[in-house]
Amino acid sequence: SVELSSHKIEACLGMGDLAWTQGRLTAAMGWYNRALELDPFSVNAWWGLAKVGLSSRGGHPGAAATPHLATPQLAAASLFRRSRSFSCISLRTV
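Bear in mind that the values here come from a model prediction, so they are computed numbers and not experimental data.

Calculation rules
- Residues numbered from 1 in each chain as written.
- Predicted model: local features only at pLDDT ≥ 70, side-chain atom pairs only at ≥ 80, totals over all residues.
- Heavy atoms only, no water.
- Helix = DSSP H or I, 4+ residues; strand = E, 2+ residues; numbered from the N terminus.
- Buried < 20%, exposed > 50% of the residue type's maximum accessible area, 1.4 Å probe, protein only.
- Salt bridge = Lys/Arg side-chain N within 4 Å of Asp/Glu carboxyl O.

(A) Inspection of the environment of R24 at higher detail. Mapped onto the elements, R24 comes out in the loop between helix 1 (2-21) and helix 2 (25-38). Since its relative accessible area comes to 40%, R24 is described here as partly exposed. Residues R24 and V52, spaced 28 residues apart in sequence, show a C-alpha to C-alpha distance of 9.2 Å.

This is the structure in structure tokens:
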């Protein structure tokens, strides 16, 4: 059902946010990718992957170091246009 699917997406996003906050970037990426499997157009899931990518490049938390990304929606839209899949994001060891 649509309602059940919506709850699953929110749960995945919540787990992704928790993992990201704890600095567990690989786990966060897995949760955000799972949310995208359920809803490929989830702006919050794309934003979560953007946070993971930014964090892996400049340390944690990456989002705080990027004030030019005015809103999650703008950042996610920009990333979505460039790539349809973030499953190939590689995390470098910082």
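(B) Broad picture of the pattern of salt bridges. If you walk through the whole model with that rule in mind, you get 2 salt bridges. In this structure, the salt-bridge partner of K51 is D17, at a minimum N-O distance of 3.4 Å. Of this pair, K51 sits in helix 3 (residues 43-58) while D17 sits in helix 1, placing them 34 residues apart in sequence. Among the ionic pairs, R34 bridges to E37, the shortest N-O distance being 3.1 Å.

Limitation: the analysis is restricted to geometry and does not speak to function.
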